[in-house]
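What the coordinates show
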Amino acid sequence: MKPTTIPQRLAADSFHIDEGESHITIDQELCRSTGTAKALIAVCAAGVYQERDGQLVADYAGCLECGSCFAVAAPGAIQWHYPRGGFGVNYRQG
Amino acid sequence: MTSSGGPAIDFDVAVVGAGPAGSVAAYRLAKAGLSVVQIERGVTPGSKNVSGGVLYGRVLDDLLPGYANEAPVERKITRHAAMLMTKDSAVALDYSSRLLAEPVNAVTVLRANFDPWLAAKAEEAGAFLMTGVRVDSLLTEPGLSGAPTVVGLRAGDDELRTRVVIAADGVNSFLGRSVGLTTKPPTNQLGIGIKAVVGLPRRAIEDRFALADDEGAAFALVGDCTLGVGGGGFLYTNTESLSLGVVLRLDDLLRSGRGAAEIFDHLCEHPMLAPYLRDGEILEYGCHLIAEGGYAMVGQLAMNGMLVAGEAAGLTINSGLVVRGMDLAIGSGIAAADAAAEAIAKGDTSQSGLAGYRRRLEDSFVLQDMRTYARAPQFFERPELYGAYGELAASILQSTYSFDGTPRKHLARMARQALKTSSIKLRRLLRDAVAGVRSL
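Quick summary incoming for the structure in this document. (Residues numbered from 1 in each chain as written. Chains lettered and ligands numbered in written order. Predicted model: local features only at pLDDT ≥ 70, side-chain atom pairs only at ≥ 80, totals over all residues.)

**With respect to the overall build of chain A**
For clarity, the cut-off: Counting from the N terminus, the helices are the DSSP runs of H or I reaching at least four residues and the strands are the DSSP runs of E reaching at least two. All radius of gyration figures rest on C-alpha atoms, and the globule criterion is 2.2 Å times the number of residues raised to 0.38. In this scheme the burial state of a residue depends on its C-beta neighbours within 10 Å: 20 or more other such atoms mean buried, 12 or fewer mean exposed, and anything in between means partly exposed; the C-beta positions come from the backbone. Contacts are defined on C-beta atoms placed from the backbone: any two residues whose C-beta positions lie within 7 Å are in contact.
For chain A, the count of helices and strands is four helices and six strands. Taken from N to C terminus, the helices and strands of chain A fall in the order α-β-β-α-α-β-β-α-β-β. What you see for chain A is a C-alpha radius of gyration of 14 Å, in line with the 12 Å of a compact globule of 94 residues. Split into buried and exposed, the 94 residues of chain A put 43% on the buried side. Sequence separation of 24 or more characterises 71% of the internal contacts of chain A that already satisfy a separation of 6 or more.

Shown next, in the form of structure tokens:
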């Protein structure tokens, strides 16, 4: 099997992107002070979380909706819920 | 209870989630003649679901006889292997049997195909299925004893009033947490599952895994496939694809300093798996959080007006050789439906009126098996399982099979020598062996 990058793997998936609403909200201060930023980047297999110019950003469109980020985040460091009904990842294999 | 004088009831029962737990519960309630709404946030059932893919479906066969011939299942598993991996070796326990084919013991499923079939069974039985709808919150009222009573749910601007809500809303169960019925588990009780579905021609799969026709194989992988992080890997055969993945315990993943995707890459490129995966093409990439706490994680399962089922209730088992979730979900869906029907018939849907749920789970394989493997999660916290033991086994077998001209030694002597160079001491090995026998 040829080696693949995360974006190549995500390109095989189907998404209904909710342009109007992100289902992830980041508290920059808490993410930094609690070490949550590092943990989110490590656990997210979809590469949703990245650090850009010292800020943690969430590319919510590629979220696979597992909830691992929410599970490791310090209380309040991120808000994470499911996308609105019908939006988000749309598994065709599962 | 709340129906007398209160606002009109829209449905006897609302089932949240159209996975196996939810669809089986909705099916059984509709069959019993109750009015049931089933609400799923995905555009179709299964479109939000990922599992490794092996369903130990005898419980489903009792409910829907002959399901394996009718449902869109992938392959009937006739070969189970467990493989201890190092970076360049694999030591395996490999069991194949015709006895696993008849009656069908386990099948692989792809949830985007399987879940719609099961949800359609509930619809045919009379349940009203709503898809593409996210339940935002529960409607609660103060109950007689002061404890809140769930009286329905809210989705967007719509409110539905119910006698019982069955929350089969998955491992993250926001509904269960919102009323304190379930809690967010600690990171040592959760694993992230990362999986690729790898497309391959049917014939190539059968040849590589030594399978006839619609037979399938399920490989459990331990050791270097996760780069030593607590958890394991899996390689399952579907009809025209493989399900390849890892499960990584979150606490150990964070401790390792590695990224989840980096470990998945390592699995995909592992030389011991390469012959199975050759020329495969990734058709889909998915993730799913897995409750790994076992029986210790199972808390309260009922409150006034609500039950929690399937993964939302923490019902999963990892015995090392076998990983289960869907069969426990189905078992809990049956129990939840029967308990809800009984409570509604009695006119008491309070927590005590719904106590039949726990009783049914205790009487069935669901909580009995959860109890049997209660000590397994603790056993699997031993870091040696993911590194040193695989190295030790491989080194003993390497000395057994490798003829380099040096004089032969008896197996026992070789094992002793291998143990000497290993980080594991004999006393430790014996202690872990005893713990393993007791926990698994």
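On we go.
**Observations concerning the overall build of chain B**
Helix and strand counts for chain B come out as 16 helices and 19 strands. At 23 Å, chain B has a C-alpha radius of gyration in line with the 22 Å of a compact globule built from 440 residues. For chain B, the spread of C-alpha atoms along the principal axes amounts to about 90 × 45 × 35 Å. Counting over 440 residues, chain B shows a buried share of 53%. Taking the contacts inside chain B whose residues are at least 6 apart along the sequence as the reference set, 73% of them involve residues at least 24 apart.

**Observations regarding the interface of chain B and chain A**
Short version of the rule: Residues are grouped as follows: Ala, Val, Leu, Ile, Met, Phe, Trp, Tyr, Cys and Pro are nonpolar; Asp, Glu, Lys and Arg are charged; all remaining types, including Gly, are polar.
Listed as interface residues are 45 residues of chain B and, on the opposing side, 32 residues of chain A. Looking at the side of chain B that touches chain A, the elements with two or more residues in it are α4 (111–124), β11 (190–199), α7 (250–256), α8 (260–268) and β15 (281–291) of chain B. For the side of chain B that touches chain A, the element with the highest residue contribution is β15 of chain B, accounting for eight residues. Tallied by class, residues from the side of chain B that touches chain A come to 26 nonpolar, 10 polar and nine charged.

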